[in-house]
Structures are given as C-alpha cells and as structure tokens.
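A closer look at the structure
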Amino acid sequence: MTHALPLPDFTHERVEVITGRRSGLFIAVALHSSVLGSALGGARLWTYPSWTDALGDALRLSAAMTLKNAAAGLDAGGGKSVVGLPPGTVLDADRRRAAFLDLGDAVESLGGLYRTAEDVGSTTEDMLVVSERTAHVVGLPDSVGGSGEPAGPTSLGVYTSLVATLERAVGTGDVAGRRITIAGLGQVGGRLAERLAAEGAVLTVTDVNPAKRSAAAELGAAWVEPSEAHLVPADVFVPAGIGGVLTDDVIDALDARSVCGPANNPLADRAGADRLAARGILYAPDFVVNAGGVIYLDGVAKEQGTLEQIMGRVAGIGDTIRRVFDEAAVRGVTPLAAAEGLAAERLAAGAGRTALV
C-alpha cells in the first residue's frame, strides 16, 4: 500500500514536474545530487492519492538514492522518477506506452544528469520505450543486448545482508530454522523467499495482492494478512514492498529481533531508527541492503569488469552491512546513522564537483 507522508525537506539540485503531453499523467524526475556523477535511479509507476504524494515520493526516493549510490561506492549521484496514477486508473497498452514516452522526454530534458531504469510498477520493456526518447536509460531487455531485470542482483544483496544481520541478531548467519517474515512478494521479495525456503527457513509471507497466496503454498510458507505481518514472531522482519510501513505504531508492536529488507524508505520517520534501537531491534539500513540492483546496472552500463566480478561486488553488500554494524557499535549510534555517515564521507570527498557546475 502507499502511505501518505509529508513532503521532505527540499535539498535537491533540480526537479522536473510535467503533465505528459501524450498520456496526461503526472510525471516527476527528481535529481537530488550529482556530486559523485550522473544520477542513477529507477522509474516508479504507482497509484497515489494526489499528485503531491507522487512528488513527495520522488523527492524521498531520490534522496535515498544519493545515500544508496554513495554507500555502495558508485561514481553515481542520486535521482528518481515517478509516473503517478490517479486512484482507479488502469492503463491500457497504448496509454502505458504514451506514459513512458513522456517519461523519456522528461529524462532527456536533464541532459544526461540523470539515468533511469525499471523500478516498482515498471519493467525492462517499459525502459525500451523510454529509450526511444533518450539514451539516458539502463536495464534494457536481454533481447536487445541490455542488462535485463536487476531484481536478481538486488535479491542477492538482500540475502547477504540478511545473513550478516542474523549473525548480529542471533549469533549465526545460518538461515535454516530461522523465523523470517517477508512482507511483499514482488520481483525481489519473491526471489528471496524462494532461496530462504530452499535453505530451510521458517517463512511467513504476505502481499497486498491476495493472488500471491498461492506462492506461499508453493513455498510451504504461512500466509498472513499484510496488516498482521509485523505481529508474527520473527528473527528477521523483511519489508519488501512500498515504503513507510514502519510507523511508530508498527514499530511498537513489531515482534522481531531484526529488520532487513529491500523496500525503499521503510521507516515512516527517520526517528523510527531510534525507536527500533530502543526496543532492541537491529535495523539494517535499506539503502545499503537494496543496492544490488544499482551496483549491477551501473557496473554493466560502464563495463566495469565481467559479470562474475560485478556480482561479486553485489555479494559484498553483506560485508558493508557488517561494517555499518561495527561502526554503529563503536560510535554508539544507530546503524542508520552509521550508514549515513559512510555515505557522507564519500559525498564530502566529491563536494564541489557536481555535474551541474
């Protein structure tokens, strides 16, 4: 579900907001930072209560991409684009194509300062449409020589992060017999669930789409309603859907030893990290955990080694999470503050060389 949140502080370099001339839809392209290079971040297609909610999501997500790309060691800034659907809107094939042509025009207007890719609600085929209007797009389908769907690399990074989180939370990274709740069975959450089930985890799963219940049965996992997932006793709670799910009320009722998942901005408020810590719940920061996709896309686009080498860097996300936990313990801060510090170090080193000047 989408959680309506207030607009964040405006710290962005540039934001383009348009009504698509073909689709008539709200489109926002938010460039948060180009300090480390051309920004990289996906294009989200989602339903929002109002255009202001869609804009707020673009602003929050783009700021998170700055942290994600910096902490991942990429020479890439942070950006994000959103195609906002009014409630009840169902796109037919023609209007969907029109929407992504409009998005391509919006991306092109930034002159290479921002590269887009698939994200929640969009696909590699949609990116192929975007590529008709701009060259600043990555993650095109395999069929045309592109890097394809990045959900596999993202899932790998989440898995190695989860192992590292288990090590700190329960003393061992072995997932066999561990109680893990996955809230969201999309491209990433579904892949993660399959791997964890195969390794003997005791899974509880949920999704806003009730049709995903059949997937639970195939995995041998228990199914709960989305509103009850946080109440299930777990060693790891995995938010794998839309952000903002960890509200104060959810955190206060959360029956888990740790949180580690791919959802962007799962904390409804930054103070939620302190609230989790006060309850003794270990939190693996989302923008470190879910960086596998951008590491993969950026590495392939820039031809930075073989596929095996790039995937090795993705697997190294688990070591980054360990570093974050170590830093948090030494400094006496939350893992979120430690991860933000890691990103800030890289951003400070690149200060004064934004792509805009």
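Residues numbered from 1 in each chain as written. Predicted model: local features only at pLDDT ≥ 70, side-chain atom pairs only at ≥ 80, totals over all residues. Heavy atoms only, no water.

**Considering unusual backbone geometry**
Note: most peptide bonds trans; most residues except glycine with negative phi. Positive phi outside glycine occurs at N265, with the angle close to 50°. Along the chain, the position of N265 falls in the loop between β11 (258-259) and α8 (272-278). The phi dihedral of E303 falls on the positive side, at around 55°, and the residue is not glycine. Topologically, E303 is positioned in the loop between α10 (292-301) and α11 (307-315). (Helix = DSSP H or I, 4+ residues; strand = E, 2+ residues; numbered from the N terminus.)

**Some words on the side chain of D57**
With respect to the helices and strands, D57 occurs in helix α1 (residues 51-71). Among the residues examined, D57 registers a relative accessible area of 12% and is labelled buried. Among the polar contacts listed, one links the side chain of D57 to the side chain of Y48, at a separation of 2.6 Å. (Buried < 20%, exposed > 50% of the residue type's maximum accessible area, 1.4 Å probe, protein only. Polar contact = N/O pair within 3.5 Å; in protein donor to acceptor, adjacent residues only side chain to side chain.)

**Overview of the packing of helix α4 (residues 151-170) against helix α12 (residues 317-331)**
Where α4 contacts α12, the axes come no closer than 7 Å and their chain directions differ by 35°. α4 and α12 meet at a crossing whose hand is right-handed. Of α12, the residues touching α4 (which contributes G157, T160, S161, V163, A164, T165, E167 and R168) are I317, G318, I321, R322, F325 and D326. A per-class count over the contact of α4 with α12 returns 5 nonpolar, 5 polar and 4 charged. (Axes fitted to C-alpha atoms, helices over the stretch in contact; angles between N-to-C directions. Left-handed = near helix turned anticlockwise from the far one by under 90°. Contact = heavy atoms within 4.5 Å. Nonpolar A, V, L, I, M, F, W, Y, C, P; charged D, E, K, R; others polar.)

**Thoughts on the pairing of strand β4 (residues 43-47)**
Bridge count for β4 against strand β5 (residues 77-85) is 5 bridges, and the pairing is parallel. Looking across to β5, one finds that R44 is bridged to V82. Once you follow β4 into α1 and on to β5, the crossover reads as right-handed. (Pairing = 2+ DSSP bridges. Right-handed = clockwise from strand over helix to strand, strands pointing away.)

**Observations concerning the pattern of salt bridges**
One pass over the full model with this rule turns up 23 salt bridges. For the salt bridge of D102 with R22, the shortest nitrogen-to-oxygen distance reads 2.8 Å. On the criterion of sequence distance, the pair formed by D102 in helix α2 (residues 93-108) and R22 in the loop between β1 (14-19) and β2 (26-33) is long-range, its members being 80 residues apart. A salt bridge links R115 to D298; the shortest N-O distance between them is 3.1 Å. Within this pair, whereas R115 is found in strand β6 (residues 114-115), its partner D298 is found in helix α10, the two being separated by 183 residues in sequence. Residues participating in the shared-partner salt-bridge network are R22, D102, D105 and R133. (Salt bridge = Lys/Arg side-chain N within 4 Å of Asp/Glu carboxyl O.)

**Structural notes on the packing of aromatic side chains**
Applying the stated rule across the entire model yields 1 aromatic pair. With 6.1 Å between their ring centres and 40° between their planes, F26 and W51 make a pair best called tilted. Of this pair, F26 sits in strand β2 while W51 sits in helix α1, and the two are 25 residues apart along the sequence. Residue F26 is classed as buried on the basis of its relative accessible area, which comes to 14%. Judged by relative accessible area, W51 falls into the exposed class, the value being 54%. Just above the ring of Y159 sits the side chain of R195; from NZ or CZ to the centre is 3.6 Å. (Phe/Tyr/Trp six-rings, centres within 6.5 Å; stacked < 30°, edge-to-face > 60°. Lys NZ or Arg CZ within 6 Å of the ring centre and 35° of its normal.)

**Considering the packing of α4 against helix α5 (residues 187-198)**
For the pair α4 and α5, the least separation of the axes is 9 Å and the interaxial angle reads 55°. Here α5 runs oblique to α4, going by the angle between their axes. In terms of crossing hand, the pair formed by α4 and α5 is right-handed. Within the contact between the two elements, α4 uses A151, G152, T154, S155, L156, V158, Y159 and L162 and α5 uses Q187, V188, R191, L192, R195 and L196. Of the residues belonging to the contact of α4 with α5, the class tally is 8 nonpolar, 4 polar and 2 charged. (Parallel < 35°, antiparallel > 145°, perpendicular 65-115°, else oblique.)

**So, the nonpolar core**
Within the largest apolar cluster, 76 residues are counted, with the highest numbers of intra-cluster contacts made by L162, I180, I182, L196 and L203. In terms of residues, this core owes the most to one element, α4, which gives 10 residues. The contact partners of L203, leaving out residues within four places of it in the chain, are I180, I182, A193, L196, A197, A221 and A222. (Core = buried A, V, L, I, M, F, W, Y, C linked by side-chain atoms within 4.5 Å.)

**Overview of helix α13 (residues 335-349)**
Helix length check: α13 (15 residues) gives 22 Å between terminal C-alpha atoms against 21 Å at 1.5 Å per residue, within 8%. Turning to α13, its buried residues are P335, L336, A337, A338, A339, L342 and A343. The inward-facing, buried residues of α13 contact α1, α8, β12 (282-283), α9 (286-289) and α12. (Expected span 1.5 Å × (residues − 1).)

**Describing the environment of T172**
Structurally, T172 is set in the loop between α4 and β7 (179-183). When the C-alpha positions of T172 and V17 are compared, they lie 47 Å apart, and in sequence the two are 155 residues distant. Other than its neighbours up to four places away in sequence, T172 contacts L166, E167 and R178. Polar side-chain contacts of T172 include one of 3.2 Å to the backbone nitrogen of D174.

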